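As a plain string of letters, each chain reads:
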Amino acid sequence: SQTIHQWPATLVQPVGSPLSLECTVEGTSNPNLYWYRQAAGRGLQLLFYSVGIGQISSEVPQNLSASRPQDRQFILSSKKLLLSDSGFYLCAGRGRAYEQYFGPGTRLTVT
Amino acid sequence: EDQVTQSPEALRLQEGESSSLNCSYTVSGLRGLFWYRQDPGKGPEFLFTLYSAGEEKEKERLKATLTKKESFLHITAPKPEDSATYLCAVIISSGSARQLTFGSGTQLTVLP
């Protein structure tokens, strides 16, 4: 099965600062990749997904953007963070039978 | 609108006290139902996939079952290390990237 790497693990950023979270995938090629946000005690909200290099679909209009510059790299960005962007961000890759494998997550706190 | 509802929101069990978690869904064209385990501060860990009513999957003390409207995660003789949040998700037949729709999870605490 594939392995999803994410960094950083924890991030504290001031309001109005930029953001870049990186996700890389190991053990598969041309995977579907996903960015989720999880609020405390809540389920996972799909933010973006990508079926290939340069192909990004947005599920929720917001202050964030995503890019896929390489086959196994998926980046989540923001030009100016808002307080409401705080949360737990998860990257996932699709397995062979539609299951998804998740990375360890990034805890983002916007102050 | 496709929905996934998990119950209860939280469950506290004594070690060895078996119970079940519920995941009910209202989707059309179900292609699969997935169970995940999530420990605090970590990403969800994939447990099972169920595809059709009547199917069952087992792993150690966990057994997942599926009907046409819901899935159960049965936990037999749980241990404290089974404490975690359990998430279910469904995938429907439409959608180009086969997105998963997640429930809000059941937070399980097993007391020694």
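For the structure itself, look to the data block above.
All of these numbers come straight from a predicted model, not from anything done at the bench.

Enquirer: Looking at this model, I keep getting lost on the interface of chain A and chain B. Mind explaining?
Expert: How big an interface is tends to be reported as the loss of accessible area on association of its parts. Taken together, the 23 residues of chain A in the interface contact 21 residues of chain B. Across the chain A to chain B interface the summed buried area is about 1,600 Å²; carbon plus sulfur atoms make up 57%. For the pair chain A and chain B, the interface holds zero salt bridges. The tally of links between chain A and chain B comes to four residue pairs in polar contact (both at pLDDT 80 or more). Elements represented by at least two residues in the side of chain A that touches chain B include exactly β4 (33-38), β5 (44-52), β9 (87-94) and β10 (100-102) of chain A. Per-element tally for the side of chain A that touches chain B: the top contributor is β5(A), with four residues. Class assignment for the residues of the side of chain A that touches chain B results in 13 nonpolar, six polar and four charged.

Enquirer: Help me out: how do you make sense of the side chain of A:Q73 in this one?
Expert: All names here are of chain A. Within the secondary structure, Q73 sits in strand β8 (residues 73-78). On the basis of relative accessible area, Q73 is assigned to the buried category, the value being 13%. Excluding residues within four positions of it along the chain, Q73 makes contact with E22, C23, T24, S67 and R68.

Enquirer: Can you walk me through the nonpolar core in this structure?
Expert: Ranked by internal contacts, the top residues of the largest apolar core, which has 24 residues, are B:L33, B:W35, B:L73 and B:Y86. Listed by contribution, the elements that provide at least two residues to this core are β2 (10-14), β3 (19-26), β4 (30-38), β5 (45-50), β7 (62-66), β8 (70-75), β9 (84-92) and β11 (106-111) of chain B. Sequence-distant contacts of B:L73, defined by excluding residues within four places in its chain, comprise B:S19, B:S20, B:L21, B:W35, B:F48, B:L62, B:K63, B:A64 and B:Y86. Core analysis: the second largest hydrophobic core is formed by 19 residues, A:C23, A:W35, A:A66 and A:C91 among them.

Enquirer: In this structure, what is going on with the layout of surface pockets? I would like to understand it.
Expert: Vacant regions in the atomic arrangement are exposed by a probe of water-molecule size rolled over the atoms. All names here are of chain B. Looking at the second largest pocket, its volume works out to about 470 Å³. Counting only elements with at least two residues in the lining of the second largest pocket, the list comes to β9 and β11. Of the residues forming the lining of the second largest pocket, the biggest block, three residues, is contributed by β11. Counted by class, the lining of the second largest pocket contains six nonpolar, ten polar and five charged residues.

Enquirer: When you look at unusual backbone geometry in this model, what are you seeing that I'm missing?
Expert: Outside of glycine, negative phi angles account for most residues, and trans bonds account for most peptide bonds. Looking along the chain, the bond that leaves A:W7 and enters A:P8 is cis, with omega of 0°. Looking at the secondary structure, you find A:P8 in the loop between β1 (3-7) and β2 (10-13). Even without a glycine there, the phi angle at B:E60 is positive, about 55°. Here B:E60 lies in the loop between β6 (56-59) and β7. Judged by relative accessible area, which is 71%, B:E60 ranks as exposed.

Parameters and conventions
Residues numbered from 1 in each chain as written. Chains lettered and ligands numbered in written order. Predicted model: local features only at pLDDT ≥ 70, side-chain atom pairs only at ≥ 80, totals over all residues. Heavy atoms only, no water. Contact = heavy atoms within 4.5 Å. Buried area = accessible area lost by both parts, 1.4 Å probe. Salt bridge = Lys/Arg side-chain N within 4 Å of Asp/Glu carboxyl O. Polar contact = N/O pair within 3.5 Å; in protein donor to acceptor, adjacent residues only side chain to side chain. Helix = DSSP H or I, 4+ residues; strand = E, 2+ residues; numbered from the N terminus. Nonpolar A, V, L, I, M, F, W, Y, C, P; charged D, E, K, R; others polar. Buried < 20%, exposed > 50% of the residue type's maximum accessible area, 1.4 Å probe, protein only. Core = buried A, V, L, I, M, F, W, Y, C linked by side-chain atoms within 4.5 Å. 1 Å grid on protein atoms, 1.4 Å probe; cavity = no way out; pocket = protein on both sides within 12 Å on 5 of 7 lines; lining within 4 Å. Points joined across faces, edges and corners; volume = space filled by probe spheres on them.

The quantities given are spatial measurements derived from coordinates; they are silent on function.
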